[in-house]
Amino acid sequence: MTTIGAAPATGRRTTPRSGGRRRWTFDRVSLFVVFLGLPFLGYLTLVIYPFLQAAYYSLTSWSGFTPTQDFVGLDNYTRLLGDDTFLKSIGNSLTLLVVVPVLTLVLSFALACLVTFGGASTGGVRGLRGSSFYRVVSFFPYIVPAIATGIIFARFYDPSAGLLNGLLTSLGFDGAQDYPWLGDATTAMPAIIAVIVWTFVGFYTVLFVAAIKGIPSELFEAARLDGAGRFRTAVSIAAPSMTGSLRSAYIYLGIFALDAFVFMAAMTPDGGPQNSTLVITQQIYSAAFREGRFGLACAMGVVLAVITFLFVGIVFGVGKVLGREKKAEARR
Amino acid sequence: MNRVTENLSESTDETSTRTASPLARRRFLHLAGFGVALPVGLSACAAGGGSSSDEETSDAPAGEVTEDNPFGVADGSAIDAVIFDGGYGTDYVAFAAASMADLHGDAELTVTPSTQISQQMQPRFVGGNPPDLLDNSGANLIAVSTIAAQLEDLQPLVDANNLEGTPIKDTLYPGMLTDGEYDGRLVQLNYVLTVYGLWYSKSLFDANGWTAPTTWDEALALGEQAKAQGKFLFCWGKEAATYYLTLLIDGAIKEGGDEVRIALGNLEADCWSLPAVQAVLTKMGEAVSKGYFRPGGAGTQFTAAQAQWSQAQEAILYPSGSWIENEMKDQTAPDFQMTGAPSPSATSSASMPATALHASAGEPFVVPSDGANKAGGMETLRIMLSKEAATNFAATKLSSTVVKDTVPDDAFGSTALASQIAMLEAADTDSFSHTLVDVYGLNTDMLVVWNSFLSGELDVAGTTSAMQDIVDAVREDDTVTKVTVS
């Protein structure tokens, strides 16, 4: 995860062109060894090597408990292509990949706008009254460990003893009596998405507040003098000036949504009603640890990795194309 | 790892004299040393470190095989037992240590408790140094099919005499070994007796003049009476919806006899459409459509659902294994008098008598073939199956082992345990078992179907075809080793 954010930033800026050739002093060599060599070694052994290892195991029928593995070629992959449950879990993961980041980003961007420039329209540009309080409060859900959040909300959605149905029935919604939010195929996924969004909105609000504060306040003042309302300011001033933050946030959230294991394991550990909340990571877990098919589980892992790479590639690609168009427009 | 770190920090001491801020760099390298040492240790965890296990086992010290030492345990040898530390704890295994030391010249039995059996044992199986005895139980157990080929056949154990001089297989309740067979070998010994059926509150039933149903017609009639009192016949939890699948299979086997058990166990085509299966499933569907199931089960955590039966008493019957008493100990209404009854058949003209019982055993003990002292592992089991150790288990855990006649008539004051023994005695040789769900790991897939069925979203026909699809897929899958049921 760290590599995605860090690579483009360091890759361009750290090469010192101005100094020209430098001598290989002990200082410089030891600096390279410690700051580049060791992390790279760690990266090789902890990231690249296990990755290649998993890719190899995906071509075997390894049970996970034998010292040797039988090579079976692409059998595991053909098996996955014909496995309806696995394809369904891919579908569910892709749903999460689209819905979770969009909802979270829209909500947290709106909140960030409110607490930075959504306040009174007289005087200096500022957020709503008490905005620093909201900023702190909205961060709370992020501090709670995901597994605790999951367990709490599993009880919250409980059909007979849950807080939600208790509130709804006391308000007169009789249909909510004993309604299984996590046990009905139409509501299970939305219910879980709501929990995930609730968890992350605060963190991204704080991230976006920082991004908006980085935009020169003269821009906001100028926009207001020109008669732009808060919505217009958010869409035309704030959003275009923080595309970098938005894109990184989208990638982080997307990678998280492709995982989502903790929330699912806490709320619908068996895949939910009609497998409506089953995700790839749960399939990997059960193939490896319940069925003893580590080879197959590794193949699923490789598929998940490919999807992740494609997703990141698409987001960066789209960002680049949009950036180019914008530059071309500006030149005209 | 410490050695590596020390060496690194020593070498920095020499170089640090030349650097500007020696202290900071020294500390950094010290940390970096950790960073280097760690991956080396970690990478050893993955496969590939497979040592030649055959040599190790042949080096194992062997004692003389005698009448009192049927497996040839060497005097003073060490036995490594890894035991699941769950509801029963591990002290009942450690109890065997004293006898072990007495019998075999201070042979030392070491018990290591674990709740992460699969995660902790995986590297040991891969590395060829598994324990001598393993209690493969709990949520993180290793699927038997995964390691069956790496386990000892325990037939010599049950053929051997126990400490009192009786062959072990003659001291067990009937049918206790069937579930331990895989691919024609007895690979695991299930130690704790488990009886499946319907559980109810005797005090509640007595107060209302109800009796436990022996057929599904009686069950539906009872559902009507319960409804009149604002109670439900059944309740269920999302992780335990398949307890009703067990109830279905039990009832179908009683209705149609062994041929149903064999057809289901061998995953035969159209086995879910057998008349006996359909007869019970149709009655269950009727109970669902008449609203005898407490709604909302598909979204309720299973112990919370069980408390709706044992504590709130909103439902009057619950299908489960005999672990239910222990599991709900803290959430059972006072004077509940938990009592069991055999699973009902569809009609009163069933192939098996009403007392026929689904009885099997839990807590599977296995002896890995690569263990350094597998004779010691077998001997530990032989001691555990002695009268003394089995009685100790019954008295301290309020559950019976698979060994007969270790529970006194008052069953230590437990109505559930007393009813287990009574049911077993009434069933006599009419006890049966079925393991297709566990052997093929079908529970996760079938839970989905059963949550839908019990919610009323899937009718009898839909449930039948969904179950058949799951079973057909396993039967057609060549990578799955099949267990032949007879």
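Shown above is the structure to which this text applies.
Numbers given to residues run from 1 along each chain, matching the order in which its sequence is written. Here the convention is simple: chains get letters from A, ligands get numbers from 1, in the order in which they are written. Owing to the predicted nature of the model, reporting of local features is limited to residues with pLDDT of at least 70; listing and counting of side-chain atom pairs is limited to 80 or more, with chain, interface and lining totals taken over all residues. Working from all heavy atoms in the structure, the side-chain values ignore hydrogens and water.

Student: Quick question: what am I supposed to make of the overall build of chain B here?
Tutor: The helix and strand tally for chain B stands at 21 helices and 10 strands. For chain B, buried positions account for 54% of its 486 residues. Residue pairs at least 24 apart in sequence account for 76% of intrachain contacts in chain B once pairs closer than 6 positions are excluded. For the accessible areas, the method is Shrake-Rupley and the probe is 1.4 Å, while residue cover comes only from the protein chains on display. Working note: accessible area of chain B is about 19,600 Å², and carbon and sulfur atoms make up 51% of it. Strands are runs of DSSP state E lasting at least 2 residues, helices are runs of H or I lasting at least 4, and numbering of each runs from the N terminus. Buried means the residue's accessible area, taken with a 1.4 Å probe over protein chains only, is under 20% of the maximum for its type, while exposed means over 50%, and partly exposed covers the values in between. Residues are treated as being in contact if the distance between any of their heavy atoms lies within 4.5 Å.

Student: I would appreciate a short explanation of helix α5 (residues 96-103) of chain B in the present structure.
Tutor: Every α-helix winds through 3.6 residues per turn, so residues three or four apart in the chain are directed the same way. All names here are of chain B. Every buried residue of α5 is accounted for by A96, S99 and M100. When α5 is viewed along its axis, its buried side chains cluster within an angular range of 105° and face the same direction. Just downstream of α5, G105 is the residue with a positive phi angle, here 50°. The arc in question is formed by the directions pointing from the helix axis toward the C-beta atoms.

Student: Help me out: how do you make sense of empty space enclosed by the protein in this one?
Tutor: The rolling of a water-molecule-sized probe over the atoms marks out the regions of remaining empty space. Here the term cavity refers to a set of points on a 1 Å grid, laid over the protein atoms alone, in which a 1.4 Å probe fits but cannot get out; the term pocket refers to an open set having protein on both sides within 12 Å along at least five of seven lines, with lining residues being those that place an atom within 4 Å of a point. Grid points are joined across faces, edges and corners, and a volume is the space filled by probe spheres set on the points. Summed over the entire model, instances satisfying the criterion amount to two cavities of 30 Å³ or more. In this structure, the largest cavity occupies an estimated 120 Å³ of space. For the largest cavity, the full set of lining residues is L182, G183, T268, P269, D270, G272 and P273 of chain A together with K238, A298, L447, V448 and N451 of chain B. Just so you know the grouping, Ala, Val, Leu, Ile, Met, Phe, Trp, Tyr, Cys and Pro go in nonpolar, Asp, Glu, Lys and Arg go in charged, and all remaining residues, Gly too, go in polar. Split by residue class, the lining of the largest cavity holds six nonpolar, four polar and two charged. Counted as a void, the second largest cavity has a volume near 40 Å³.

Student: What's the story with the packing of aromatic side chains in this structure? I'm lost.
Tutor: All names here are of chain B. Aromatic rings from Phe, Tyr and Trp, with only the six-membered ring used for Trp, were paired whenever their centres fell within 6.5 Å, and each pair was classed as stacked if the ring planes differed by under 30 degrees, edge-to-face if by over 60, and tilted otherwise. Under the counting rule described, the total for this entry stands at 47 aromatic pairs over all chains. Taken together, a centroid distance of 6.4 Å and an interplanar angle of 85° make the contact between Y92 and F365 edge-to-face. Remark: F365 occurs in strand β9 (residues 357-366) and Y92 occurs in helix α4 (residues 91-94); sequence separation between them is 273 residues. Across this residue pair, the class does not change: Y92 and F365 are buried. Geometrically, the ring pair formed by W236 and F293 is edge-to-face, given 6.2 Å between the ring centres and 80° between the ring planes. Note that W236 is positioned in the loop between α10 (216-228) and α11 (243-256) and F293 in the loop between α13 (275-289) and α14 (302-310), a separation of 57 residues in sequence. Exposure remark for W236: the relative accessible area of 2% places this residue in the buried category.

Read these as layout, nothing more, since geometry by itself doesn't imply function.
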